Amino acid sequence: MRNSPAVEGDPGRFHAWTELSSNVKKMAAGARGTHYTQANIPRLIEGNVKLAFASFTPIEKGFFIGSAHGDERPFAEELTRWIRGETPKAALFRLVTGDIDGAAREVTAILRNDGPLRQLVQRFVMDYPLNRVRFLSGERYDYWTELLKEYDFLKARDGERCAAEIATPHGTRRVEGRYRLVEGPETLDEVFAADDETALLLTIEGGHVFSVGPDLNPLPLTTMVERVQAMKEWDHPVLFLTLAHHFFNGLCGHAHSLIDSADWIMDQEFGLNEDFVPDVGLSVVRELLDLDDQLRDRGGKRILIDVRHMSARARKTYYDEIVRPYNKDHAIQPGRHQRRFPKIPVIMSHCGYTGAPTLDRLIADQAHECDRWHRGAFYAWNINLSDEDIRVVHQSEGLVGLCFDRRILGQKPGQRLPAERARDLLIDQVLAIADVIFLDDRLDDAEKARAWDIICIGSDFDGVIHPLEPYPTALTLQDFAEDLRRRLREVRHTRQIDAIGVDELVEKIAWKNAYEFAMRHLPAAVGSS
């Protein structure tokens, strides 16, 4: 709806209850979520989702412009090369010499600038209006301004009872209810006591929202700090912020996230797999967490750090320089201090498992990351979790959100899975994450049981993901819960499942872990005891 004058200029339509057109056939087939809605407000309410971590994500310019190095040719020059036959000849030469990737890059070079052909392709691939594509690639597009507009957009119908008709594979449904932006723990209690309400807990995906200007250059540290402070003054707390995203933001290195074919026209290389930017990155992290240089609590509001999209190298630094030393000192603090300022939890909000034992292993394997880089059944890119990550999440009482994207969960390119196997793909992730803790002989039974406290749903719905076929939208989350229940019953003699109870474990993963995590950390987010 953004950049569409007819809609954006109409307050009666420019709000989160407005139902956009959805391709129901693609929805039913579990196709990539570019042509249908996965988790808008009516679908959350109809799917009985009581708590959603709502992510502000001003889309990055790297998806719409050329190389970060500025080495692409202008569109006119590329077009001339095609007319003269130079590009087809170059591509054919590379093809006959066995350089398939090079041939593809020659052919797609005309899309690596922000010319009209690229804009037209993105219009159809992303289902964005052409004027929005032009805005996103232009000089007027500013991440900070867009963030504030997204916040205003959600505030427009906060707490109001509304109704909408939504399209589903089983016909049109009328949904009534309301969403509530979380102000504090009391909001969650009130929403959970109601029948047709959903709580939206604010999060942000990507530090670029406050760290980068319209020219894509990092802003001064003082400006970054001022903007973090401004976010902490909002009426509704931001519980966590995903520090990195797909492209360099002047804070830390990002993990490889784009598939091979996307690499032909988009450039993630600048800052890829790097560490924190010296004198900036960790300073911003401490500002978000409200810590001084000695990692002491300053008494203000916290915005927690989500390590999703952060490179393995940067995650290693974050754990060693912030999480482990803070939490070691936290253990000897008085109980009152511990309640006001819980441990700093490691959050991996929407992810899968790599099968790798350590972060060092992920760092060593970065050069191998391509569409078919797997470790056994698991997607082995360093954007996913290693055993070391899971142990730090467990020790810090953090949270792992299960991403519903089939690639992240290990489905290989072009692989077709029967519905039963697609269901297992997601539940295998649950068991694999739990096994990292249960197979650790250094832990006692009580510590191992806490493995079940760190797993929740982190669907990434409406993140343009390619969902598992059985679970394309929030309306199917109940199906996931029932599939999880059946699978846990099959293996209930393992992993303390019988002792804890299958129904209790389903409740934990479906909502209780996320709810209890939010209740534990909201006081620090709002700055209250």
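Let us look at the structure shown here. (Residues numbered from 1 in each chain as written. Predicted model: local features only at pLDDT ≥ 70, side-chain atom pairs only at ≥ 80, totals over all residues. Heavy atoms only, no water.)

### Some points on the overall build of the protein chain
From N to C terminus, the protein chain includes 23 helices and 11 strands. Whereas a compact globule of 529 residues would reach a radius of gyration of roughly 24 Å, the protein chain reaches 23 Å, a difference of no more than 12%. The proportion of buried residues among the 529 residues of the protein chain is 55%. Long-range contacts, defined here as pairs at least 24 residues apart, represent 71% of the contacts in the protein chain between residues at least 6 apart. (Helix = DSSP H or I, 4+ residues; strand = E, 2+ residues; numbered from the N terminus. Rg over C-alpha atoms; globule rule 2.2 N^0.38 Å. Buried < 20%, exposed > 50% of the residue type's maximum accessible area, 1.4 Å probe, protein only. Contact = heavy atoms within 4.5 Å.)

### Examining the packing of helix α21 (residues 477-490) against helix α23 (residues 502-526)
Remark: α21 packs on α23, axes separated minimally by 9 Å, with the N-to-C direction vectors making an angle of 140°. For the element pair α21 / α23, the angle class is oblique. Classified by chirality, the crossing of α23 by α21 is right-handed. Side by side, α21 and α23 meet where Phe480, Ala481, Leu484, Arg485, Leu488 and Arg489 of the first sit next to Val502, Asp503, Leu505, Val506 and Ile509 of the second. (Axes fitted to C-alpha atoms, helices over the stretch in contact; angles between N-to-C directions. Parallel < 35°, antiparallel > 145°, perpendicular 65-115°, else oblique. Left-handed = near helix turned anticlockwise from the far one by under 90°.)

### Quick notes on a negative patch on the surface
On the surface, Glu183, Glu186, Asp189 and Asp235 cluster together into a patch of negative charge. Structurally, the position occupied by Glu186 is in helix α10 (residues 185-192). (Patch = residues over 30% accessible without salt bridge, like charges linked within 9 Å, V, L, I, M, F, W, Y side chains within 5 Å. Areas by Shrake-Rupley, 256 points an atom, 1.4 Å probe, with all protein chains shown as cover. Salt bridge = Lys/Arg side-chain N within 4 Å of Asp/Glu carboxyl O. Lys, Arg positive; Asp, Glu negative; His and termini not counted. Charge placed at Lys NZ, Arg CZ, Asp CG, Glu CD.)

### Brief notes about unusual backbone geometry
For residues besides glycine, phi is generally negative; the peptide bonds are generally trans as well. The phi dihedral of Asn3 falls on the positive side, at around 65°, and the residue is not glycine. Mapped onto the elements of the fold, Asn3 is located in the segment before α1 (5-8). The residue Asn48 is not glycine, and still its phi comes out positive at about 60°. Mapped onto the secondary structure, Asn48 falls in the loop between α3 (41-46) and β1 (51-56). The exposure class of Asn48 is exposed, given its relative accessible area of 51%.

### Concerning the pattern of salt bridges
Tallied over the full model, the rule gives 40 salt bridges. When the shortest N-O distance is used, the salt bridge between Asp99 and Arg94 registers 2.9 Å. Residue classification places Asp99 among the partly exposed residues on the basis of a relative accessible area of 29%. The exposure class assigned to Arg94 is partly exposed, which follows from its relative accessible area of 32%. Here Asp297 and Arg302 are joined by a salt bridge, their closest N and O atoms 3.3 Å apart. Among the residues examined, Arg302 registers a relative accessible area of 2% and is labelled buried.

### Observations concerning the environment of Lys25
Position of Lys25 relative to the elements: it lies in helix α2 (residues 24-28). As for Lys25 and Thr168, which are separated by 143 residues in sequence, their C-alpha atoms are 9.1 Å apart.

### Considerations on the environment of Glu507
Here Glu507 lies in helix α23. Considering only alpha carbons, one finds Glu507 and Cys456, 51 residues apart in sequence, at a separation of 9.7 Å.

### Notes on the pairing of strand β5 (residues 238-242)
Along β5, five of the five residues are buried, which leaves the element largely enclosed by surrounding structure. The sheet contact formed by β5 and strand β6 (residues 304-306) spans three bridges and is parallel. Bridge pairing in β6 links Phe240 to Leu304. (Pairing = 2+ DSSP bridges.)

### What about the nonpolar core?
Phe210, Met231, Leu243, Met310, Tyr318 and Trp452 are the most contacted members of the largest nonpolar core, which totals 126 residues. Here the element with the most residues in this core is helix α19 (residues 419-438); it accounts for 12 residues. Discounting residues that sit within four places of it in the chain, Phe210 has contacts with Trp144, Leu219, Met224, Arg227, Val228, Met231, Leu241, Leu251, Val284 and Leu288. Tyr141, Tyr143, Val212 and Leu258 belong to the second largest nonpolar core, which has 15 residues in total. (Core = buried A, V, L, I, M, F, W, Y, C linked by side-chain atoms within 4.5 Å.)

### Observations concerning the state of the cysteines
One pass over the full model with this rule turns up zero disulfides. The thiol of Cys456 is unpaired, and the distance to the nearest cysteine sulfur, on Cys351, comes to 9.0 Å. Note on Cys456: relative accessible area 4%, which makes it buried. (Disulfide = S-S within 2.5 Å.)

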